[in-house]
Amino acid sequence: MEICIIGTGYVGLVTGTCLSDFGLEVICVDKDSEKIECLNSGRVPIYEPNLEDLIQKNVNAGRLSFTTDIEKGIKESKAIFIAVGTPPNDDNSADLTQIEKVAQQIAQHLNGYKVIVNKSTVPVGTAGKIKEIINSFSPSPLQHPFDVVSNPEFLREGSAVYDFTHPDKIVIGTTSIKALKIMQEIYRPLYLIDTPFMITNPETAELIKYACNAFLATKITFINEIANLCDKIGADVHQVARAMGLDGRISPKFLHPGPGYGGSCFPKDTRALCSIAESFGYEFQSLNAVVSANIRQRELMVEKIKRLVGKLRGKQIGILGLAFKMNTDDIRESSSIDIIKILLGEGAKIKCFDPLAMDNTKKILPDIIYCQDEYETAQGCDALVIATEWNQFRNLDLNKIKKLLKNPTFVDLRNLYEPATLKSLSFIYEGVGRK
Ligand code: UGA
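Bear in mind that the values here come from a model prediction, so they are computed numbers and not experimental data.

A. Local environment of the pairing of strand β12 (residues 383-386). The alternating pattern of β12 places Ala383 and Val385 on one face and Leu384 and Ile386 on the opposite face, and all of these are buried. Examined bridge by bridge, strand β9 (residues 316-320) and β12 share four bridges and lie parallel to one another. The residue bridging Gly318 from the neighbouring strand is Leu384, located in β12. Summarising the sheet, β12 and strand β13 (residues 409-412) pair through three bridges and their orientation is parallel. Within β13, the residue paired with Ile386 across the bridge is Asp412. You can see the chain leave β12, run along helix α17 (residues 398-404) and come back into β13, and the turn it takes is right-handed.

Right, dumping it as structure tokens:
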């Protein structure tokens with residue numbers, strides 16, 4: 001079976017590559033010719049562990065190809081996956097312009113029965129909207145029938161290939177038996193490893209995606225607030241989280257406190273779900289609170305730094321980590337970047353280091369100092385702040401760091417270190433919720 005993937009961002013590229021690794025023939029289409037040229041010359045425009053090798057393997061096997069020719073992609077395929085961006089509008093609703101444009105193009109090139117699979121995160125009702133657009137733009141809708149399926153993706157950046165091939169569920173939102181059979185055929189390798197398949201209507205599938213992201217964002221925000229409380233009352237948030245996680249109903253995952261969630265998904269999707277609820281006349285009170293608590297978390301982290309170094313004007317602050325989490329070069333809605341912006345606004349000077357995300361950061365913050373490593377960053381600083389949990393930051397030579405810092409102030413926003421260890425080395429140390 002031939003598959004066409006429209007959009008070669010994180011989700012599209014990983015989906016296309018992994019499906020080709022399942023033995024299917026996949027054409028990945030993108031309107032960005034630079035991206036396609038890059039992929040065709042064997043380079044990968046994003047950093048994602050194991051992705052480059054997998055692309056190479058499947059391109060060499062002749063199962064995976066990249067093109068800007070959407071007509072070819074559509075005509076040669078039975079299933080067409082839409083994986084284009086849904087950035088936020090000014091009112092926080094999802095901007096569906098790219099999806100609508102793709103639906104129009106699909107309509108113009110239909111040449112037989114197709115399953116149109118939406119993988120982008122979209123508001124409830126979008127599958128129906130895609131169907132309407134295709135019907136109204138298709139020159140002969142009766143001659144070329146099609147079904148629209150909602151098939152949300154749950155992979156995480158940094159472990160996208162693993163997550164795609166080891167999902168905890170596959171959600172297929174469709175009312176068409178024919179489309180369902182094709183989807184089951186596409187995902188057969190996952191069926192064989194007993195992945196649960198949830199078959200729902202398209203609206204339910206669309207809501208499942210938002211509900212999962214919003215719940216995880218809520219869980220992180222909850223533990224962040226418990227951590228803030230721990231800071232005030234002298235409790236240890238790690239012990240609280242561990243005890244909570246031992247309750248099977250809660251589970252220990254996503255209970256790690258920090259500077260607030262970031263990335264291209266949680267911030268956008270939480271706001272979008274609030275906006276979807278509002279459009280249906282419902283005020284999603286708890287999620288609205290999560291959205292504002294997550295913004296405040298960044299501000300509270302700056303307050304923490306301020307408490308330790310005093311007035312920020314003229315102070316040199318070293319920041320370790322710019323990416324929104326480790327193992328990615330992605331800085332979208334990164335709490336580290338937001339914290340840097342607040343610090344700059346208060347007159348601090350910033351030195352920073354990140355193993356992968358410095359090139360992306362230079363595009364938006366060209367005037368801060370970029371260092372070669374952790375030690376160059378620490379040199380002469382009034383405080384060193386860990387903002388992203390990169391593994392290489394877990395085993396710093398602390399004696400060396402202490403000598404390099406102007407003041408031995410260490411703010412660990414990811415709780416990578418034991419407070420007692422740092423205090424025994426005479427650092428002024430603060431984590432999040434571990435006073
Ligand atoms: C998230 C979801 O985890 C995926 O299931 C989903 O498919 C994806 O969004 C999406 O919608 O495409 P991702 O954005 O890659 O994946 O990142 P996460 O690993 O979920 O982390 C998100 C943010 O939460 C990061 O800033 C991370 O540092 C923070 N976080 C995570 C915490 O602060 N504490 C935790 O315990 C876990």
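B. Main features of the domain arrangement of the protein chain. On domain assignment, one finds that the protein chain holds domain 1 (2-199) and domain 2 (214-430). When each unit is reduced to the centre of its C-alpha atoms, the spacing between domain 1 and domain 2 is 34 Å. Residue-level contacts link 15 residues of domain 1 with 15 residues of domain 2. In this assembly, domain 1 packs against domain 2 so that about 1,200 Å² is buried in total across both faces, 54% of it on carbon and sulfur atoms. Area buried by domain 1 at its contact with domain 2 is led by Tyr47, Asn92 and Glu157, which between them contribute 45% of it. Along the contact surface separating domain 1 from domain 2 lie one salt bridge. The salt bridge partner of Glu157 is Arg332, with a shortest N-O separation of 3.6 Å. There are six residue pairs in polar contact (both at pLDDT 80 or more) connecting domain 1 and domain 2.

C. Representation of the sheet that holds β12. The strand order across the open sheet formed by six strands is β11-β10-β9-β12-β13-β14, and the pairing between neighbours is parallel. This sheet does not close on itself; its edge strands, each paired only once, are β11 (369-370) and β14 (428-430). On the sheet, helix α13 (residues 285-309) packs against β9, β12, β13 and β14 and is oriented at approximately 165° with respect to β13. Of the strands in this sheet, β9 and β10 (349-353) are in contact with helix α14 (residues 335-345), which crosses β9 at around 175°.

D. Quick look at the nonpolar core. Membership of the largest hydrophobic core comes to 55 residues, with the highest contact counts inside it found for Ile305, Ile317, Ile319, Leu322, Leu343, Phe410 and Tyr417. In this structure, Ile36, Leu51, Leu54 and Leu190 belong to the second largest nonpolar core, which totals 39 residues.

E. Looking closely at helix α3 (residues 51-60). When we look at burial in α3, the residues that qualify are Leu51, Leu54, Ile55 and Asn58. The buried residues of α3 all sit within an arc of 100° when viewed along its axis, so they share a single face. When the buried face of α3 is taken as reference, the exposed residues oriented beyond 90 degrees from it are Asp53 and Asn60. Next to the buried residues of α3 lie α1 (10-21), α2 (33-40), β3 (64-67) and α7 (160-165). Of the residues trailing α3, Gly62 is marked for its positive phi of about 80°.

F. Spotlight on the site of the ligand. Residues in contact with the ligand amount to 19 residues; listed here are only the nearest, Phe154, Leu155, Glu157, Lys209 and Asn213. In the environment of the ligand, an oxygen atom lies 2.9 Å from a nitrogen or oxygen atom belonging to the backbone of Gly262. Starting from 710 Å² of accessible surface for the ligand in isolation, the protein chains cover 91%. At the level of elements, α10 (202-233) and α12 (266-279) are the ones that each hand at least two residues to the shell around the ligand. Among the elements that take part in the shell around the ligand, α10 stands out by supplying three residues, more than any other. Of the residues assigned to the shell around the ligand, the class counts are nine nonpolar, three polar and seven charged. Domain assignment of the residues forming the shell around the ligand places at least three in each of domain 1 (2-199) and domain 2 (214-430).

Thresholds applied
- Residues numbered from 1 in each chain as written.
- Predicted model: local features only at pLDDT ≥ 70, side-chain atom pairs only at ≥ 80, totals over all residues.
- Heavy atoms only, no water.
- Buried < 20%, exposed > 50% of the residue type's maximum accessible area, 1.4 Å probe, protein only.
- Helix = DSSP H or I, 4+ residues; strand = E, 2+ residues; numbered from the N terminus.
- Pairing = 2+ DSSP bridges.
- Right-handed = clockwise from strand over helix to strand, strands pointing away.
- Domains from an automatic or database assignment.
- Contact = heavy atoms within 4.5 Å.
- Buried area = accessible area lost by both parts, 1.4 Å probe.
- Salt bridge = Lys/Arg side-chain N within 4 Å of Asp/Glu carboxyl O.
- Polar contact = N/O pair within 3.5 Å; in protein donor to acceptor, adjacent residues only side chain to side chain.
- Axes fitted to C-alpha atoms, helices over the stretch in contact; angles between N-to-C directions.
- Core = buried A, V, L, I, M, F, W, Y, C linked by side-chain atoms within 4.5 Å.
- Arc of directions from axis to C-beta.
- Near = heavy atom within 4 Å.
- Areas by Shrake-Rupley, 256 points an atom, 1.4 Å probe, with all protein chains shown as cover.
- Nonpolar A, V, L, I, M, F, W, Y, C, P; charged D, E, K, R; others polar.

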